[in-house]
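Inside the fold
What follows is each chain in one-letter form.
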Amino acid sequence: MTRPLRIGTRASALALWQAHHVEGLIKALPGAPRVEIVHIKTEGDLRTDVPLWALKGKAFFTKEIDRALLASDVDLAVHSLKDLSTLIEPGLELAATLTREDPRDALLSRNGERLADLPRGADLIANTDEFTKRNLTKVGYASNPLEDGSLSAYQLHALPITSMTVKALEGFEMSRKDAERAKNMFSLGLLSWLYNRPSEGTVKFLETKFASKPDIMKANIAAFRAGWNFGETTEVFSVQYEVKPADDLAPGTYRNITGNSALSYGLIAASQLSGLPLFLGSYPITPASDILHELSKHKRFGVRTMQAEDEISGVGAALGAAFGGSLGVTTTSGPGMCLKAETVGLAVSVELPLIICDIQRAGPSTGMPTKTEQTDLLMALYGRNGESPVAVIAPSTPADCFRTAVEAARIALKYRTPVVILSDGYLANGSEPWRIPELSSLPDLRGEFSFAQGHEWPGAGEQPEFLPFKRDPQTLARPWAIPGTPGLEHRIGGIEKADGAGTISYDPDNHDLMVRLRQAKIDGIAADIGPLEVDDPDGRAKVLVLGWGSTFGSIGAAVRRIRLAGGSVAQAHLRHLSPLPANLGEVLRSYDKVLVPEINLGQLALVLRGRFLVDVISYNRVRGLPFRAAELAGVIQEVIANA
Amino acid sequence: MPEINGSAHEVNGTNGANGVNGANGAGPRPRSLTLVPVTSVKQTTKDFKSDQEVRWCPGCGDYAILAAFQAFLPELQVPRENLVIVSGIGCSSRLPYYVDSYGLHSIHGRAPAIATGLAATRPDLSIWVITGDGDALSIGGNHLIHALRRNVNIKILLFNNRIYVLTKGQYSPTSEQGKVTKSTPFGSLDTPFNPVSLALGAEASFVARTIDSDRKHLTSVLRAAADHKGAALIEIYQNCPIFNDDAFLPVTDPSTRDDRLIRLEHGQPVRFGPAGSRGLRFSRYGSLEDVDATTADESSLLVHDAHAADPSYAFALSRLDTSDFAHSPIGILRSVERPSYDDLMNEQIAVARERQGEGDLAALLAGGDTWHVS
């Protein structure tokens, strides 16, 4: 039997937790040795009669442990970073730094996020000016939490932010009320200092945002700088964090972008790449309205935006524009999707390209408009009368909304079909660095479609006849014959059409054929979207985590945690939800267990079970919030343990 | 085929310029069609008949409207491919199938919305919306009023038969109160809409009324609508011989119609009744009253002004029409000039391009605040 691996540790509760945590990580490794915990008393533990500052020397909590290591009484030790000396004893090395349990350490809460979600020990900045007796009574607090010790678990920084802001703006010609409004800029300045963020971007943003109101602009900048300077000058913060540039970014030019901006830019790009003018019909709705706002700015790209009288009109106008040869788009959220369903069904029936952006939010009904959810998947797939198949795709990150929009346009134009983009509130408002694509790397959409011209398909009779539902044998798309094209005059509508001729038909067999053709056209897109790629680095994983949409970030972080701890798990993420990738069934069957985390009650899981008869495991939380990496890692770990 | 490349309005603007004076040497181009190409081909009614069998019930007023419409279309000198008819759901909405042009038979009530998207993007098209009283005023009421208020360059023909027909005879928003139908065996409870009053309240720039059986009048109204840039609403009294026969008898029967119908001609004194003996004048409260024109002070009697800027006058006219047809004004109640939605939208694009230049995709994507990773 091999010698056990001995971990030297102090006997304090924190030190023991750390030691046992590392013990657990080691034990999870294949072929791990036995682990023993050896308690070591340090000078800091023994000398409780004297305050630490009165002791001579340093490293009161680590010296004895270092000695034990050097004497090979123990094999390794676990320290809190704060206890480590700046110089490591010769002969010893810092072998590993564990990933942090939870990366979040500040709470800036408007609503929803609770203090209980904040890790203990994190910095808590409170504006004391708001903790008035009146406000405390309003929220039902019997005592002031800043004073009653209830926040003792945190690094509490109680600062009179409002009054400091007002003081900082004393030189400006503005009311106290207006000055108070700049307190968010003071806070931002303080946080920017705390996290060592460059201030130029913020200043530039304020200069642009308030270009027409120079007084407001100057006041905001002054408040921002005052906050920064306050952080720099005072010593209320014991630490300053530096956010290191991410080192895994590919070379290129980057910018920050939100999901809704990326989606808007993707639509403009699709318009440019296809040579079709962009038309947006939209009714304002949270969290989709920003796409309407963004697109309305870009008229010089020939973008036409219409703020419609209702959701139905928004999609109707987009379909009308598509009938006329524009790239027709409508944007909405769940409640609007319900209203648009009938028109989307018409688009399925008349087989015209149409892009429907559903920025999902918590439902049902009005639900929680500012909260995120993935609960519209089944509605996007099936939420219309009749057999009414459409293509459905979902971006996985804010920046990914750009390519998703271009891809949606490609599919819509090539297959003459409605395409639903399922974004959500989390992606829409979330932002991330985006490597700005080279224009040459974007697909040429002109090659994906063409307007019908002339009599391409002579009919059976002597006269050449235009057949508006004679399909392309490859894509099954019907010709897109736009008004203004001589000789191709035709009438189409929501009534069932004869295959080929497109005239009204109630023939039973024709209807069966048309139902199947419409489905086959959507199914056929699977050959055009590439296989689902699985990330399974060591090839030993028995468990696959399969997600779609905005859960990509949290699933990825959870999977990295498992792998860092030595576990094996595979990850795959679906962009295309209709049709599903051709190899999906094969992928699902090649793992012992498939875990499908969704911010709904198992909508993708239902589809997968129905389509592939694979008993996938659902993990569902519908809290209106994204998953947390730690939470998902726990779930994955459990599935692995039972695999 | 027109170029659809994001600058359609410019390309088509050129077409329009060529067509200001009709190629056939006819009169000036109708104002709604200034951006629509002119055909050099001599067209006849037959050119606008499709190969589809017309399937309305025998005796339906829709036949008369279709025939008048098809006979009128050659006047416009619009190439068939630049003519688009959009409809909703209902008997009238089948009309697009019978005209050999581009046609979209859409869904219930949505035709004005769909046509708005088409008109906003394709000013080179002559777009006609065919709808009925249920389609336009009930399920699609919202789209109708907003298309009118926006002044989209579409011509809306509202076939009003005061009944639901495709669903076999329920009362409609224009049915008289107390109407006994399958869904209202004890009589309907709702007060009906007056489509003309509704349109005027919705800021419509062109509102007219005509009758299916009066082809000459119907055609004259179509002509005036085509000459109006912007949204035009034409209410057409249309008889349904199956579910609501003779609904309009008081204004169509030769024995009563002259007492009831008030034929409006811009600039002409308003006269009706036996030998034009009746006239209209304003009451103290702004409504119009029926007076004996032979005895009344001539200067107090109404002379019709379809171009009056204030819609109050047209509204007062429209209120003469009660559901029992005590008086029924027909003709053009209102026709005023106002920029059309599509023109304004295209103008914004043109101005943006003039001031900022054509959009540059690379610059857009790069934005202002970037950093480099090497």
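Criteria and thresholds
Residues numbered from 1 in each chain as written. Chains lettered and ligands numbered in written order. Predicted model: local features only at pLDDT ≥ 70, side-chain atom pairs only at ≥ 80, totals over all residues. Contact = placed C-beta atoms within 7 Å. Helix = DSSP H or I, 4+ residues; strand = E, 2+ residues; numbered from the N terminus. Nonpolar A, V, L, I, M, F, W, Y, C, P; charged D, E, K, R; others polar. Pairing = 2+ DSSP bridges. Buried ≥ 20, exposed ≤ 12 C-beta atoms within 10 Å, placed from the backbone. Axes fitted to C-alpha atoms, helices over the stretch in contact; angles between N-to-C directions. Domains from an automatic or database assignment.

Before going further, it helps to spend a moment on the interface of chain A and chain B. Contacts between chain A and chain B engage 62 residues on the former and 59 residues on the latter. Going through the elements one at a time, helix 8 (200-209), strand 6 (252-258), helix 10 (259-274), strand 7 (278-282), strand 8 (304-307), helix 12 (311-323), helix 13 (334-350) and strand 14 (491-493) of chain A are the ones with two or more residues in the side of chain A that touches chain B. Across the side of chain A that touches chain B, the residue classes break down as 28 nonpolar, 24 polar and 10 charged. Pairing analysis gives four bridges linking strand 6 of chain A to strand 11 (residues 370-373) of chain B, with the strands arranged antiparallel. Bridged to G252(A) within strand 11 of chain B is V373(B).

Take the environment of S505(A) next. Residues and elements named next belong to chain A. Summarising the element assignment, S505 is placed in the loop between strand 14 and helix 17 (508-524). We classify S505 as partly exposed; it has 18 C-beta atoms within 10 Å. Excluding its chain neighbours within four sequence positions, the residues that come into contact with S505 are E496, K497, A498 and N510.

Tracing the chain through its elements places R80(B) in the loop between helix 2 (61-72) and strand 1 (83-87). By C-beta crowding, R80(B) is classed as partly exposed, having 19 other C-beta atoms within 10 Å. With 160 residues separating them in the primary sequence, R80(B) and C240(B) have C-alpha atoms 30 Å apart. Contacts of R80(B), omitting those with residues within four sequence positions, involve E489(A), D47(B), D100(B) and S101(B).

All names here are of chain A. Strand order in the open sheet formed by seven strands is 8-7-9-10-12-11-18, with mixed pairing between adjacent strands. Whereas interior strands pair on both sides, the edge strands pair on one side only; in this sheet they are strand 8 and strand 18 (576-578). Mean inter-strand twist for the sheet, computed between neighbouring axes without regard to direction, equals 20°. Alignment of strand 7 against strand 8, held across four bridges, turns out to be parallel. The residue bridging F279 from the neighbouring strand is R304, located in strand 8. Lying on the sheet, helix 11 (residues 289-296) is in contact with strand 7, strand 8, strand 9 (327-332) and strand 10 (354-360); it crosses strand 8 at an angle near 135°.

Note on backbone geometry: most residues besides glycine have negative phi, and most peptide bonds are trans. Omega for the bond connecting T286(A) with P287(A) falls within 30 degrees of zero, at 0°, which places this linkage in the cis form. Along the chain, the position of P287(A) falls in the loop between strand 7 and helix 11. Backbone geometry places E351(A), a non-glycine residue, at a positive phi of 55°. The buried category is assigned to E351(A), around which 25 C-beta atoms lie within 10 Å. Located in the positive-phi region is E203(B), a residue other than glycine, with phi close to 70°. Mapping E203(B) onto the fold places it in the loop between helix 6 (195-201) and strand 5 (206-211).

Let's shift gears to the domain arrangement of chain A. Parsing chain A into structural domains produces domain 1 (5-83), domain 2 (120-233), domain 3 (254-448), domain 4 (450-529) and domain 5 (534-642). Domain 2 of chain A and domain 5 of chain A are separated by 41 Å when their C-alpha centres are compared.

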